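Below are the chains, spelled out letter by letter.
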Amino acid sequence: MLLTDLIRHAVGATGTHVGCEHGVCGACTVQIDGEPVRACLTLAAQAEKLDIRTVEGLEPRPGELSPLQAAFREHFALQCGFCTAGILMSLDALFARKPKASEREIREQLSGHLCRCTGYAPIVKAALAAQAHVREEKTTDA
Amino acid sequence: MTINPSADRWVGRSVPRVEDAALLTGRARFIDDLPTATNTLDAAIVRSPHAHAEIRRVDVDAALASEGVVAVVTGDDVKRLTRSMTVGVKANVECWPIATDRVRYVGEPVAIVLATDRYLAEDAAERVGVDYDILPAVVDPVAALGDEAPVLHPSLGSNLINERRFSYGDPDNAFAAAPHRIGVDIAYPRNSCTPIETYGVVAHYDPGEDAYEILANFQGPFSIHAVVARALKVPGNRMRLKTPPSSGGSYGIKQGVFPYMILMGVAARIAGRPVKWIEDRIEHLAASVSATNRATKLEAAVEADGRITALAWDQIEDCGAHLRAPEPATLYRMHGNMTGAYAIANVSIRNRIVLTNKTPTGLNRGFGGPQVYYPLERLMQTIARTLKLDPIEVIRRNLVPSDAFPYRTATGALLDSGDYGTALGRAIAEGGYAALVERRKTARAEGRVYGIGLAAAVEPSVSNMGYITTVLTPEEREKAGPKNGAQATATVAVDPLGSVSVKVASVPQGQGHRTVLAQVVADALGLDPGSVSVIADVDTGRDAWSIASGNYSSRFAPAVAGAAKLAADRLREKLKHVAAGQLNTVPDDIAFEGGRIASRANPDNSVSFSRVAAAAHWAPGTLPEVVDQTIRETVFWTPDELAAPNADDEINSSLCHGFIFDFCGVEIDASTGETRIDRYVTMHDCGTILHPAMVEGQVRGGFAHAVGAALLEEYAYGADGSFQSGTLADYLIPTVMEVPEPVILHHETPSPFTPLGAKGVGEGNCMSTPVCIANAIADAIDAESVTLPLTPSKILGLIAGEEPQAKNPPRKIEPAGPSGQRKLTGEGAAEVAATREEVWKMLLDPQTLDAIIPGSHGVRRISDTHFAADVTLGVGPVKGRYKADIELFDLDEPNAVTLRGKTVGALGFGEGEGRITLTDIGSGRTRIAYTYEAGVGGKVASVGGRLLDGAARVVIGQFFKALANHAGGGASGAGFLARLKALVGGGS
Ligand code: FES
Ligand code: FES
């Protein structure tokens with residue numbers, strides 16, 4: 001069984017989407033132990049005992065958006081939203097690993113995702129804004 | 001003129017989208033997320049691997065006997081329970097959603113397997129056996145018209161399904177009088193906007209009421225509801241269509257799900273249980289819907305200063321294997337706009353529609369626009385080039401003059417509003433055209449390859465339901481009765497607590513309709529948009545809808561949002577009377593603001609909106625005489641300007657006409673042929689802007705599609721009809737790396753014909769941008785003629801002065817065998833620790849072969865030199881089971897042997913031949929050398945050259961490794977060949 005089928009149909013977490021089932025579109029991206037992974041190329045068995053995080057795990061509290069999600073809304077970085085979960089999981093993993101990722105690195109990360117609606121520019125803007133926000137928070141915390 | 005949104009209006013502001021919270025948190029409900037009835041079956045579709053073949057036999061027994069399978073539906077069943085889909089022209093031809101006696105494109109459905117889960121359905125689908133008699137195929141629209149061309153539909157007698165000629169003004173005289181006759185000859189390719197969510201359908205059938213209920217991520221009802229109900233042989237009220245709350249993009253493409261609505265309806269009826277089908281990406285690419293490809297000759301009669309006095313169009317439209325509704329709409333959608341943004345009084349048009357062995361066509365963003373503006377704007381550049389004029393001047397001199405609006409074009413469109421000259425002037429000044437020209441100069445002085453392109457376009461929106469009847473002669477139209485208009489509908493309702501809901505049948509697929517409707521209605525009623533709830537998906541059993549309802553022809557902002565405004569206005573007028581009674585004043589004194597209704601003269605005299613609004617529920621007896629109710633207003637709106645085509649074939653094909661003027665600078669890397677878009681400026685007049693960020697989103701989204709169409713995307717077919725763009729690794733969609741950010745400018749002239757002054761804006765860049773980029777590339781490399789997509793290899797060819805290549809990247813594709821085949825050739829060698837005699841024996845021994853053939857489920861000896869095998873092979877995403885038949889020839893024991901094999905499976909077929917030579921290299925070791933040549937077809941062939949070649953190498957390598965191990969280890973090098981019949985042949 002594919003990990004996408006497990007997540008979507010056995011667990012019922014339908015926020016992870018399937019756009020191609022051959023590893024190109026990135027819509028199915030989830031985090032396994034913090035790393036972005038294409039769930040459509042992963043067998044459910046391969047993920048056994050590992051920590052899987054999907055878009056449903058991004059909200060800090062129900063009804064409250066994370067800074068990355070909020071930035072997507074503010075910058076109109078989604079239209080149909082079908083590609084969005086994968087992109088969020090990918091960027092979230094990038095920022096966790098590299099809070100100061102450059103625009104180039106953000107673009108490289110995004111180049112593994114296809115979005116047919118937005119033309120990408122607002123996604124890049126949202127990512128940069130979210131990153132600035134997270135950095136600010138970190139500085140205020142410190 | 002720019003209309004600044006006043007601070008007290010919601011419309012015109014970029015408020016956050018109400019859609020986003022659910023979409024960002026994974027709570028949105030797309031079709032595959034919705035619960036289904038517990039007894040629902042999953043469907044898997046068996047599809048044709050051939051571009052053209054007679055079906056001799058469909059053997060469903062093995063599939064029926066498979067685990068979990070409840071039924072298998074074939075073309076015969078569908079024919080028995082439905083009728084042929086309506087065809088939009090008068091022609092003796094049938095149009096079925098599944099192959100009945102013949103397949104006509106790779107991917108055409110042949111059978112549907114219904115099982116208790118999807119894995120089981122797909123496994124069983126591989127066991128459906130289909131015998132084909134392969135026919136020659138034709139894929140080129142011009143070739144399809146030739147006398148020798150194979151005919152797809154014998155009942156038509158030829159592949160030409162419709163031809164019409166039109167003449168407006170006096171084109172002959174204009175051509176005779178003009179000093180110049182300048183033309184272009186264009187082959188516009190096929191492409192598709194490929195939404196990331198594929199098609200999905202869940203169908204129920206109730207035999208008691210003979211009624212279907214179908215949930216699909218379709219984008220209407222639209223006129224297609226009638227086509228589906230007719231095909232299913234039920235009245236419209238027995239065909240209830242619902243759409244899911246969210247849909248993952250469409251750009252027109254999801255209109256093409258409707259044949260599957262019919263198929264799954266029939267499947268549910270046969271199985272006696274609900275049926276669900278979710279298309280996969282490979283099915284989507286091969287067999288959903290694409291835009292039309294078109295061969296066009298366009299000529300202009302031109303004055304010395306570049307002014308055009310006449311156009312002569314000759315268009316050959318390729319609609320694929322069937323003329324499926326709403327085709328031939330792609331060809332006629334632009335009929336009123338064949339002069340683009342220009343005032344040209346004389347036009348002749350010859351339109352031919354042909355059928356070829358390719359996927360049937362349908363809606364796709366830009367719908368007919370790219371196919372028209374590519375020739376037209378290439379022509380403008382060619383005129384400038386030929387007459388040595390500034391291309392900007394050629395455009396400017398021909399534009400419809402600013403004082404001429406509303407302007408009637410030669411072919412009948414009524415251009416509602418515009419100020420093209422000013423918009424162009426502003427784009428040049430604000431977009432930095434002069435600086436771009438400088439940049440080109442500098443770049444060229446440095447020896448770099450740099451070019452500038454321009455394009456002007458009129459973007460039509462809100463289609464006239466009657467334009468399609470322009471394909472009929474005036475006499476045929478007379479008989480059929482007039483068709484016209486564009487009914488839009490919206491309902492605004494108040495519940496007993498006085499809160500407001502809006503319902504429309506606009507079926508958005510990501511555009512944010514709900515947000516804009518909340519703004520529009522909030523403005524009319526003095527509410528906060530957050531307090532207005534909006535439903536935009538459709539249920540034809542419950543909603544107000546009509547034949548034009550749905551999401552297409554960029555009709556939302558001009559038509560649907562306008563209808564919502566009218567409904568809210570109507571409610572407001574009534575509420576004024578109710579409030580006047582409650583506030584002791586007159587209706588004219590009533591104002592709506594901040595959730596309250598107040599007297600203008602004395603704002604302290606006020607009452608909450610909900611109190612007034614709810615009165616009709618709680619105390620209808622208190623309503624003033626003139627007010628019946630304030631509970632629900634449904635408005636139907638259709639513009640008078642959308643008349644049926646007249647006796648002279650003039651047609652106002654769309655209500656609104658935006659204007660676009662684009663220019664861009666591109667730089668080409670002369671060593672790689674790659675194009676970099678250096679600067680792109682796009683000026684839009686889309687009338688009044690309702691939500692600036694969403695308008696920008698539409699422009700950017702259309703622009704990205706257009707960049708793909710210009711540089712990357714093509715639904716490529718082999719000369720034999722094989723489909724060569726079968727995965728997203730072959731059909732290349734632009735990523736963030738390929739899409740630059742355009743400079744977007746606006747020059748608003750509100751439409752006088754729409755309630756809000758808005759025009760459509762969703763498709764314009766798909767019309768203007770491909771040709772703008774092509775013009776820039778042609779300018780850069782000084783080419784007379786360029787063909788999309790302008791891939792690096794094609795550009796390199798043009799620079800070198802070669803004939804353009806068919807597709808990039810360079811692939812080993814040779815036109816092959818009878819139908820749907822892709823050729824593979826290769827050679828290699830390996831060494832094994834066994835003598836020639838031992839190897840020879842192994843190759844002729846079924847048990848050994850079974851052990852070493854990757855994925856083998858058993859090898860049977862038919863004779864000493866003839867074997868049959870069952871193998872499972874995977875190529876990239878396409879994994880399937882195949883039957884292989886292998887024969888040995890030219891045996892020269894123990895030196896050499898030739899193998900000839902054939903494989904066939906649900907996913908494809910193959911045949912090939914290979915020669916193996918064994919050489920003694922001493923110490924009991926043997927060198928095995930092989931060469932092979934094979935052809936593969938069907939779904940496997942669609943996965944593309946890179947994957948296929950790679951997979952062939954891997955499988956052959958595995959075979960050798962296994963042979964070596966079997967022989968006692970020590971293999972080196974690549975693989976072998978016996979396999980390859982089966983492997984390369986079947987799955988390679
Ligand atoms: S669905 Fe996994 S990459 Fe497309
Ligand atoms: S938002 Fe629709 S595909 Fe990205």
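- In the annotation of an unreviewed UniProt entry, the entry for chain B reads Xanthine dehydrogenase family protein molybdopterin-binding subunit, and the organism field reads Fulvimarina endophytica.

**Section: the overall build of chain A**
- What chain A contains, in helices and strands, is 5 helices and 3 strands.
- Written out in order from the N terminus, the α and β elements of chain A read α-β-β-β-α-α-α-α.
- Here the C-alpha radius of gyration of chain A, 15 Å, is about what a compact globule of 142 residues would show, namely 14 Å.
- Here the C-alpha coordinates of chain A stretch approximately 45 × 35 × 30 Å along the principal axes.
- For chain A, buried positions account for 53% of its 142 residues.
- Considering only intrachain contacts with a sequence separation of at least 6, the fraction spanning at least 24 residues in chain A is 56%.

**Observations regarding the pairing of strand β1 (residues 41–47) of chain B**
Residue and element names in this part refer to chain B.
- Most of β1 is tucked away: 7 of the 7 residues are buried.
- In this structure, β1 lies alongside strand β12 (residues 275–278), joined through 2 bridges in parallel fashion. Note that in β12 the partner of D42 across the bridge is K276.

**Structural notes on the nonpolar core**
- Membership of the largest hydrophobic core comes to 213 residues, with the highest contact counts inside it found for F72 of chain A together with M261 and F661 of chain B.
- Both domains that meet at this core, namely domain 1 (35–135 + 193–287) and domain 2 (155–191 + 290–464 + 661–798) of chain B, each give it at least three residues.
- For F72 of chain A, the residues in contact, after removing those within four places along its chain, are A77, L78, T84, I87, L88, L91, I123 and A126 of chain A together with L24 of chain B.

**Some thoughts on the sheet that holds strand β22 (residues 590–593) of chain B**
All names here are of chain B.
- Taken in spatial order, the 3 strands line up as β22-β23-β24 in an open sheet, and their pairing is antiparallel. The strands lining the two open edges of the sheet, one partner per strand, are β22 and β24 (606–608). Averaged over all adjacent pairs, the angle separating strand axes in this sheet is 25°, with direction ignored.
- Here 4 bridges tie β22 to strand β23 (residues 596–599), and the two strands are oriented antiparallel to one another. The partner of F592 across the bridge, within β23, is I597.
- Contacting β22, β23 and β24, helix α17 (residues 556–583) crosses the sheet at an angle of about 110° to β22.
- Contacting β22, β23 and β24, helix α18 (residues 609–618) crosses the sheet at an angle of about 70° to β24.

**Quick look at the environment of N646 of chain B**
- Residue placement: N646 of chain B occurs in the loop between β25 (632–637) and β26 (654–668).
- Here the alpha-carbon distance between N646 of chain B and P482 of chain B, two residues 164 residues apart in the chain, equals 9.6 Å.

**Topic: the interface of chain B and chain A**
- Listed by partner, the interface residues are 51 residues for chain B and 47 residues for chain A.
- Carbon and sulfur atoms make up 62% of the surface buried where chain B meets chain A, a total of about 3900 Å² over both sides.
- If you sort the residues of chain B by the area they bury against chain A, L24, I196 and V736 of chain B come out on top, with a joint share of 20%.
- Our count for the contact surface shared by chain B and chain A stands at 5 salt bridges.
- Between E59 of chain A and R27 of chain B there is a salt bridge, with the nearest N and O atoms lying 2.6 Å from each other.
- Between chain B and chain A we count 18 residue pairs in polar contact (both at pLDDT 80 or more) in total.
- The dominant element in the side of chain B that touches chain A, judged by the number of residues it contributes, is helix α19 (residues 692–711) of chain B, at 7 residues.

**Here we look at the pairing of strand β5 (residues 109–115) of chain B**
Residue and element names in this part refer to chain B.
- Of all the 7 residues making up β5, 7 are buried; the element is thus mostly covered by neighbouring parts of the structure.
- Bridge count between β1 and β5: 6 bridges; the pairing is antiparallel. Following the sheet pairing, V46 is matched in β5 by A111.
- In this structure, strand β3 (residues 69–74) lies alongside β5, joined through 5 bridges in antiparallel fashion. Directly across from T74, in β5, lies its bridge partner A111.

**Focus on the packing of helix α7 (residues 224–231) of chain B against helix α8 (residues 258–271) of chain B**
Residue and element names in this part refer to chain B.
- Between α7 and α8, whose axes approach to 10 Å, the crossing angle comes to 30°. In this view, α7 runs roughly parallel relative to α8, as classed from their interaxial angle. Regarding α7 and α8, the two cross each other, and that crossing is right-handed. Within the contact between the two elements, α7 uses I224, V227, V228 and A231 and α8 uses F258, M261 and I262.
- Looking at the contact of α7 with α8, its residues break down into 7 nonpolar, no polar and no charged.

**A few points about the pattern of salt bridges**
Residues and elements named next belong to chain B.
- Throughout the structure, instances matching the rule amount to 57 salt bridges over all chains.
- Between D185 and K297 there is a salt bridge, with its nearest N and O atoms 3.4 Å apart. With D185 in strand β8 (residues 180–188) and K297 in strand β13 (residues 293–302), this residue pair connects regions lying 112 residues apart in the sequence.
- The exposure class assigned to D185 is exposed, which follows from its relative accessible area of 52%.
- Across the pair R294 and E317 runs a salt bridge whose closest N-O atoms are separated by 2.6 Å. Of the two residues, R294 is situated in strand β13 and E317 in strand β14 (residues 308–318); the sequence distance between them amounts to 23 residues.
- The network of salt bridges with common partners includes R439, E446, R448, E667, R676 and D678.

**Thoughts on the packing of aromatic side chains**
All names here are of chain B.
- A full pass over the atoms with the stated rule returns 16 aromatic pairs over all chains.
- Measuring from centroid to centroid gives 5.6 Å for Y188 and Y374, while their planes differ by 65°, and the two rings are edge-to-face. Taken together, the positions of Y188 in strand β8 and Y374 in helix α11 (residues 369–387) put the pair 186 residues apart, joining distant regions of the chain.
- Y374 gets classed as buried once you look at its relative accessible area, which sits at 2%.
- Within the aromatic cluster, the residues linked to one another by ring pairs are Y715, Y717, F723 and Y731.
- Positioned above the aromatic ring of W10, the side-chain terminus of R13 is 4.4 Å from the ring centre.
- Lying across the ring of Y717, K358 places its NZ or CZ 5.9 Å from the centre.

**Regarding the sheet that holds β12 of chain B**
Residue and element names in this part refer to chain B.
- Strands sit in the order β3-β5-β1-β12-β9-β10-β11 across an open sheet of 7 strands; the sheet is mixed. Two strands bound the open sheet, and with one partner strand each, they are β3 and β11 (239–242). Going across the sheet, the axis of each strand differs from the next one's by a mean of 25°, ignoring polarity.
- Against the sheet, α8 contacts β1, β3, β5, β9 (200–206), β10 (211–216), β11 and β12, and its axis sits at roughly 45° relative to β9.

**Let's talk about the state of the cysteines**
Residues and elements named next belong to chain B.
- In this structure the tally under the stated criterion is 0 disulfides over all chains.
- The closest cysteine sulfur to the non-disulfide-bonded C766 is located on C193, 5.0 Å from its own sulfur.
- Overall, C766 belongs to the buried group, its relative accessible area being 5%.

Basis of the calculations
- Residues numbered from 1 in each chain as written.
- Chains lettered and ligands numbered in written order.
- Predicted model: local features only at pLDDT ≥ 70, side-chain atom pairs only at ≥ 80, totals over all residues.
- Heavy atoms only, no water.
- Helix = DSSP H or I, 4+ residues; strand = E, 2+ residues; numbered from the N terminus.
- Rg over C-alpha atoms; globule rule 2.2 N^0.38 Å.
- Buried < 20%, exposed > 50% of the residue type's maximum accessible area, 1.4 Å probe, protein only.
- Contact = heavy atoms within 4.5 Å.
- Pairing = 2+ DSSP bridges.
- Core = buried A, V, L, I, M, F, W, Y, C linked by side-chain atoms within 4.5 Å.
- Domains from an automatic or database assignment.
- Axes fitted to C-alpha atoms, helices over the stretch in contact; angles between N-to-C directions.
- Buried area = accessible area lost by both parts, 1.4 Å probe.
- Salt bridge = Lys/Arg side-chain N within 4 Å of Asp/Glu carboxyl O.
- Polar contact = N/O pair within 3.5 Å; in protein donor to acceptor, adjacent residues only side chain to side chain.
- Parallel < 35°, antiparallel > 145°, perpendicular 65-115°, else oblique.
- Left-handed = near helix turned anticlockwise from the far one by under 90°.
- Nonpolar A, V, L, I, M, F, W, Y, C, P; charged D, E, K, R; others polar.
- Phe/Tyr/Trp six-rings, centres within 6.5 Å; stacked < 30°, edge-to-face > 60°.
- Lys NZ or Arg CZ within 6 Å of the ring centre and 35° of its normal.
- Disulfide = S-S within 2.5 Å.

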